[in-house]
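Observations on chain architecture
If you want the building blocks of each chain, they are given just below.
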Amino acid sequence: MPNGGTLTIAVTSLSVKGREADGKNEGISPALAPGGYVAVTVRDSGTGMPPDVLARACEPFFTTKPVGQGSGLGLSMVHGLTAQSGGGMRLESHPGLGTAVTLYLPHAPVHSPAHPGAGTPADAAAPPLLPAGGARILLVEDDALVRMANAAVLAEAGMTVTEAATGEEALALLEADDGIGILVTDFAMPGMTGADLARLARHHRRDLPVLIVTGYAEKAELQELAAEPGIRILSKPIPPPALIGHITAAL
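Computed from a predicted model, the values in this text were never measured in an experiment. (Residues numbered from 1 in each chain as written. Predicted model: local features only at pLDDT ≥ 70, side-chain atom pairs only at ≥ 80, totals over all residues. Heavy atoms only, no water.)

**Considerations on the pattern of salt bridges**
Selection rule: By definition here, a salt bridge exists when the distance from a side-chain nitrogen of Lys or Arg to a carboxyl oxygen of Asp or Glu is within 4 Å. Every helix listed is a DSSP run of H or I at least four residues long, and every strand listed is a run of E at least two residues long, numbered separately from the N terminus. Burial here depends on accessible area, computed with a 1.4 Å probe over protein chains only, as a share of the maximum for the residue type. Under 20% is buried, over 50% is exposed, and the range in between is partly exposed.
A full pass over the atoms with the stated rule returns four salt bridges. Note that Arg147 and Glu163 form a salt bridge whose closest N and O atoms lie 3.2 Å from each other. In this pair, Arg147 is assigned in helix 3 (residues 144-156) and Glu163 in strand 7 (residues 160-164), connecting sequence segments 16 residues apart. Look at Arg147 and you get buried, because its relative accessible area is 14%. Of the charged contacts, one joins Glu228 and Arg206 as a salt bridge, the two residues approaching to 3.7 Å between their closest N and O atoms. Taken together, the positions of Glu228 in the loop between helix 6 (220-226) and strand 10 (231-235) and Arg206 in the loop between helix 5 (194-204) and strand 9 (210-214) put the pair 22 residues apart, joining distant regions of the chain. Among the residues examined, Arg206 registers a relative accessible area of 57% and is labelled exposed.

Below, the structure is given as structure tokens:
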């Protein structure tokens, strides 16, 4: 909304009795299974998208923004996260009329204070145990909001997080601090990529565990890196519990 406008966030409840019931699944990807959902709609009154852009808006790394002003990962990550949660997403947009994104998230089971275990699956995975004394993480991500969110999740899990916005900054931190236990880096960054950073970091510390988070898992250079002991390639989007689990396993 370059000239200002109105941003509306609405939350409603939705019940789906069947995959095709009342046309509720039209335009939702993936189609919703029967059950209860919370529908969260974010609507703007901005410029909107023409049909050709709308058709590609959820593709990983598709963007109409100039270089350095956005990776194009936002909607693809939202789509992936809603699908992983057992829900779906609807995207509507018209040139000059704005855009609306609706997330359909399954209702969570209600936990009764009198029965704390009610609604909890018997085989629910226990939270991963951290190594004794916690863990020290070097987190490298050029998107400040993503970096801040991931750092907060890791810190809440008991890890000590050092942040870097570029590969060059990360290398300087590694050289100055031998106490860092693991490197977690994005792949697609301006200048030095996560793959370049991993190679240089391992040259400095051969035994340093490295996790590279990427939407380009098929790239040959990452497949070669993945063959090295201590290096793992993680595909976006990755839920916080899974990221914590990978870090714990690597350590």
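**As for the nonpolar core**
To be explicit about the condition: The nonpolar core is taken to be a set of buried Ala, Val, Leu, Ile, Met, Phe, Trp, Tyr and Cys residues, with the residues joined through side-chain atoms within 4.5 Å. Contacts were defined at the residue level, with two residues in contact if any of their heavy atoms lie within 4.5 Å.
Formed by 21 residues in total, the largest nonpolar core has its most connected members in Leu138, Val140, Leu183, Leu197, Ile212 and Leu225. For this core, the elements supplying multiple residues, two or more each, are strand 6 (136-140), helix 4 (167-176), helix 5, strand 9 and helix 6. Top contributing element to this core by residue count: helix 5, with four residues. In contact with Leu197, other than residues within four places in its own chain, are Val140, Gly167, Ala170, Leu171, Leu183, Thr185 and Met192. The next biggest cluster of nonpolar side chains, apart from the first, holds 14 residues, and it includes Ile137, Leu139, Val184 and Leu211.

**Overview of the sheet that holds strand 7**
Defined as follows: Strand pairing is assigned whenever DSSP detects at least two bridges linking the two strands. Axis lines are fitted to C-alpha atoms, over the contacting stretch for helices. Their N-to-C directions set the angle, which ranges from 0 to 180 degrees.
Across the sheet, five strands lie side by side as 7-6-8-9-10; this open sheet has parallel pairing. The strands lining the two open edges of the sheet, one partner per strand, are strand 7 and strand 10. Strand-to-strand, the axes of this sheet are offset by a mean angle of 20°, without reference to chain direction. Packed onto the sheet, helix 3 meets strand 6 and strand 7 and runs at close to 165° relative to strand 7.

**Focus: the sheet that holds strand 1 (residues 7-16)**
Spatial ordering of the open sheet is given by 1-3-5-4-2, a layout of five strands whose pairing is antiparallel. At either end of the open sheet lies a strand with only one pairing partner, and these are strand 1 and strand 2 (28-29). Across the sheet, helix 2 (residues 74-84) touches strand 2, strand 4 (88-94) and strand 5 (98-106), and the angle it forms with strand 4 is around 145°.

**Observations regarding the environment of Val11**
Relative to the helices and strands, Val11 resides in strand 1. Expressed as a C-alpha distance, the spacing of Val11 and Val40, which sit 29 residues apart in the sequence, is 4.6 Å.

**Section: the packing of helix 4 against helix 5**
Inclusion rule: For classification, angles of less than 35 degrees are called roughly parallel, those exceeding 145 degrees roughly antiparallel, those between 65 and 115 degrees roughly perpendicular, and all remaining angles oblique. Helix crossings fall into two classes, left-handed where the near helix is turned counterclockwise from the far one by less than a right angle and right-handed where it is turned clockwise. The classification used treats Ala, Val, Leu, Ile, Met, Phe, Trp, Tyr, Cys and Pro as nonpolar, Asp, Glu, Lys and Arg as charged, and all other residues, Gly among them, as polar.
The N-to-C vectors of helix 4 and helix 5 enclose an angle of 15°; their axes lie 10 Å apart at closest approach. Taken together, the axes of helix 4 and helix 5 lie roughly parallel to each other. When you trace helix 4 past helix 5, the crossing you get is right-handed. Where helix 4 approaches helix 5, its residues Gly167, Ala170, Leu171, Leu174 and Glu175 are matched on the opposing element by Leu197, Leu200, Ala201 and His204. A class-by-class count of the residues in the contact of helix 4 with helix 5 yields six nonpolar, two polar and one charged.

**A look at helix 5**
For the α-helix, the turn length of 3.6 residues means that residues three or four positions removed from each other point alike. In plain terms, the rule: Here the arc refers to the set of directions running from the helix axis out to each C-beta atom.
Taken residue by residue, helix 5 has Gly194, Ala195, Leu197, Ala198, Ala201 and Arg202 as its buried positions. Taken around the axis of helix 5, the buried residues stretch over an arc of 155°, which confines them to a single face.

**Description of the side chain of Glu141**
Stated formally: Polar contacts here mean pairs of N or O atoms no more than 3.5 Å apart (in protein, one a potential hydrogen donor and the other a potential acceptor; neighbouring residues in sequence count only if both atoms are side-chain atoms).
Considering the arrangement of structural elements, one finds Glu141 in the loop between strand 6 and helix 3. Looking at Glu141, the relative accessible area reads 9%, which means it is buried. Among the polar contacts made by the side chain of Glu141, one reaches the main-chain amide nitrogen of Asp143 at a distance of 3.0 Å. Residues within four places of Glu141 in sequence aside, it is in contact with Val146, Arg147, Ala164, Ala165, Asp186 and Met189.

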